[in-house]
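# Structural overview for review
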Amino acid sequence: MGASVFSIVFTTFVINLRHVLMSAAVAPWFAPFTRFQQFIIGWGLTDEVFAMHSMAMATGEKARLPLVYAANFTSHSGWVLGTLIGAVAGDFLPDPKLFGLDYALPAMFLALLVPPVQGAAVHAGGHPLGAAFRHPRHVRYGPLERHHRQRHHLHHRGPARHPPRPQHRRPQEESMNIDLLLCILGMTLVTLIPRVLPVTLLAGRELPPLLTRWLSFVPVSVLAALVAPDLLLADGKLNIAGDNLFLIATFPTLLICWYKKGPACSARLPSAWAPWR
């Protein structure tokens, strides 16, 4: 049997709790904008968007609404377009690992992580969800329901004199449709609220200095937490041995990004990484 609506929505909420810190950390940067504009900006907040906004905020750049909207729109458009291309042409494309593209995301987060760390050093002096959308023929049924389906299949295996009556399936189908709708609505709310609420409530407010300083460490902490599993885990287990190629590639990546001072260096890293695969 599939997961319940509550467990799916609650899991989505827990996964998105990190966006509470992200939204709160960048909220002061969006103080000049209206509440509606802040709502739209918060709605488009993702890990990558947060990394870009927090880096611009850390460098003292002034927030400009067209550029903020452009960053959010470009990130989401690339996400949707990439998903569409993968779904349509995935079977015809070669393995991305041959080109080192599987290292592109960790490299990007490392490149975005370096500038805040550099700034901190100077100051210091030195997304169960698949069960909701899984096709019924891929669902793993329990023993009782599997036995019922087998009996039903054997009973109707031969030529039936009377067509089967579908009436007994309609309540179940209606229940599945209602559950799917509730999942979509619930997941939408618990995905939207952690992003929108902090930025609309905290932007423009005078925060205590201790809280402001604490929020200043959120970008570095969040980015490090996002990239660490990709670099240190292999098949769900800690791997810091010499066969962890991602971990080996981390050191030249950090050196390049430290001296190049910007995320643009991450665009060249996957192609440079490909010959070593």
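Provided above is the structure to which this section pertains.
Throughout what follows, the structure given in this document is the object of discussion.

Definitions and limits used
Residues numbered from 1 in each chain as written. Predicted model: local features only at pLDDT ≥ 70, side-chain atom pairs only at ≥ 80, totals over all residues. Heavy atoms only, no water. Helix = DSSP H or I, 4+ residues; strand = E, 2+ residues; numbered from the N terminus. Buried < 20%, exposed > 50% of the residue type's maximum accessible area, 1.4 Å probe, protein only. Areas by Shrake-Rupley, 256 points an atom, 1.4 Å probe, with all protein chains shown as cover. Core = buried A, V, L, I, M, F, W, Y, C linked by side-chain atoms within 4.5 Å. Contact = heavy atoms within 4.5 Å. Arc of directions from axis to C-beta. Phe/Tyr/Trp six-rings, centres within 6.5 Å; stacked < 30°, edge-to-face > 60°.

Bringing the overall build of the protein into the picture now. Helix and strand counts for the protein come out as 13 helices and 2 strands. Counting across all 277 residues of the protein, residues that qualify as buried make up 31%. Accessible area for the protein stands at about 18,600 Å²; split by element, carbon and sulfur atoms hold 68% of it.

To continue, consider the nonpolar core. Trp29, Phe30, Phe33, Ile41, Phe50 and Val218 are the most contacted members of the largest nonpolar core, which has 22 residues in total. Secondary-structure elements contributing two or more residues to this core are α2 (18-26), α4 (47-58), α5 (65-89) and α11 (218-232). No other element matches the 4 residues that α2 contributes to this core. Excluding its chain neighbours within four sequence positions, the residues that come into contact with Val218 are Leu21, Met22, Ala25 and Phe50. In terms of nonpolar packing, the next biggest core, distinct from the first, is built from 13 residues, Ala51, Tyr103, Leu112 and Val227 among them.

Moving on to the environment of Phe30. Within the secondary structure layout, Phe30 lies in the loop between α2 and α3 (35-43). Relative accessible area serves as the criterion here: at 1%, Phe30 is assigned to the buried category. Between the C-alpha atoms of Phe30 and Leu65, which are 35 residues apart in sequence, the distance is 8.8 Å. If sequence neighbours within four positions are ignored, Phe30 has contacts with Gln38, Ile41, His53, Val68, Val199 and Ala203.

All right, on to helix α1 (residues 5-15) then. Among all positions of α1, only Ile8, Val9 and Thr12 are buried. For α1, the buried positions fall inside an angular range of 90 degrees around the axis, keeping them on one side.

On to the packing of aromatic side chains. Overall, the coordinates contain 5 aromatic pairs when judged by the stated rule. Aromatic pair Trp29 and Phe30: ring centres 5.4 Å apart, planes at 55 degrees, arrangement tilted. Classification of Trp29 by relative accessible area gives buried; the value is 12%. Grouped by ring-pair contacts, the aromatic residues Trp29, Phe30 and Phe33 constitute a single cluster.

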